[in-house]
Amino acid sequence: MKKICIGLLAFGIASLTYSQEIKVEELSEVVVEAVNYKYLSTTDNKEAPVPVKMLERKAAAYDVTTKDFYQDNYDYYTVSFVIPDGKLVAAYGPDGKILRTIEKYNDVPLPDEVRKALQDRFPSWEIVKDVYRIRYEDREGAKKNFKIKLVNGDKTMRVMMSENGEFL
């Protein structure tokens, strides 16, 4: 009986070692391309609100070349991304690269430089409404500005400012 138990134990251990055999398979090569990195790096702003960053990342990750409507013979494709806080319209080239964008966001928190410049120049005025606009061109980069509506009693004023707090 002892020999049978030892034999079964040895057989069980031996069969477990065969089940641990590792198969090595070669996988096909994967190429990762950052097509719209230039757009993201140009429009990146650390103080940009979350909806702005979210929409810009969504546009950069969008791959027009995988869509059903894609054909090689068009010069560009226009795609709109809309959320309640704003809108982004992007023109993609035949290779899926962003050629230009127009972005508009309503009532976003203003950067510190813009708020400080407004307080220094118009101390008794109140911000009623603001619009954040970004225009991106592949060759020229991004132009960002704020269109701000100020109120002081019954007086109303509109000002345009760059993201650095400079009045335009």
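Attention in this report is confined to the structure presented alongside it. Just so it is clear, the model here is predicted, and its values are computed rather than measured. (Residues numbered from 1 in each chain as written. Predicted model: local features only at pLDDT ≥ 70, side-chain atom pairs only at ≥ 80, totals over all residues. Heavy atoms only, no water.)

### Re the pairing of strand 1 (residues 77-83)
Okay, step 1: Here strand 1 shows one buried face, formed by Tyr77, Val79, Phe81 and Ile83, and one open face, formed by Thr78, Ser80 and Val82.
Okay, step 2: Two strands pair when backbone bridges link them, and strand 1 and strand 2 (residues 86-92) are joined in this way by seven bridges, in the antiparallel orientation. In the sheet register, Val79 faces strand 2, and the bridge partner there is Ala90.
Okay, step 3: From the end of strand 1 to the start of strand 2, which pair antiparallel, there are two residues. (Buried < 20%, exposed > 50% of the residue type's maximum accessible area, 1.4 Å probe, protein only. Helix = DSSP H or I, 4+ residues; strand = E, 2+ residues; numbered from the N terminus. Pairing = 2+ DSSP bridges.)

### As for the layout of surface pockets
Okay, step 1: Estimated volume of the largest pocket: approximately 190 Å³.
Okay, step 2: Elements with a minimum of two residues in the lining of the largest pocket: strand 2, strand 3 (98-106), strand 4 (126-137) and strand 5 (141-152). (1 Å grid on protein atoms, 1.4 Å probe; cavity = no way out; pocket = protein on both sides within 12 Å on 5 of 7 lines; lining within 4 Å. Points joined across faces, edges and corners; volume = space filled by probe spheres on them.)

### Describing helix 3 (residues 50-61)
The periodicity of an α-helix, 3.6 residues per turn, causes residues three or four positions apart to be oriented the same way.
Okay, step 1: The first and last C-alpha atoms of helix 3 sit 16 Å apart over 12 residues, in line with the 16 Å expected at 1.5 Å per residue.
Okay, step 2: Those residues of helix 3 not exposed but buried are Val52, Leu55, Glu56, Ala59 and Ala60. The buried residues of helix 3 occupy one face: seen down the axis, they fall within an arc of 135°. Exposed residues on helix 3 whose side chains face more than 90 degrees from its buried face are Val50, Arg57, Lys58 and Ala61.
Okay, step 3: Elements that come into contact with the buried residues of helix 3 comprise helix 2 (37-43), strand 1, strand 2, strand 3 and strand 4. (Expected span 1.5 Å × (residues − 1). Arc of directions from axis to C-beta. Contact = heavy atoms within 4.5 Å.)

### Some points on helix 4 (residues 112-121)
Okay, step 1: Among the residues of helix 4, those classed as buried are Val114, Ala117 and Leu118. All buried residues of helix 4 project into a common sector of 100° when viewed along the axis, lining one side. Facing away from the buried surface of helix 4 by more than 90 degrees, the exposed residues are Lys116, Gln119 and Asp120.
Okay, step 2: Next to the buried residues of helix 4 lie strand 4, strand 5 and strand 6 (155-162).

### Remarks on the pattern of salt bridges
Pairing is possible between side chains that carry opposite charge, provided their charged atoms lie close to one another.
Okay, step 1: All chains considered together, the criterion is met by six salt bridges.
Okay, step 2: Here Asp112 ties to Arg115 by a salt bridge, and the two come within 2.4 Å at their closest N and O atoms. Here the residue Asp112 and the residue Arg115 both occupy positions in helix 4, the gap between them amounting to three residues, near one helical turn.
Okay, step 3: Residue Arg115 is classed as partly exposed on the basis of its relative accessible area, which comes to 39%. (Salt bridge = Lys/Arg side-chain N within 4 Å of Asp/Glu carboxyl O.)

Honestly, it's all geometry; don't read function into it.
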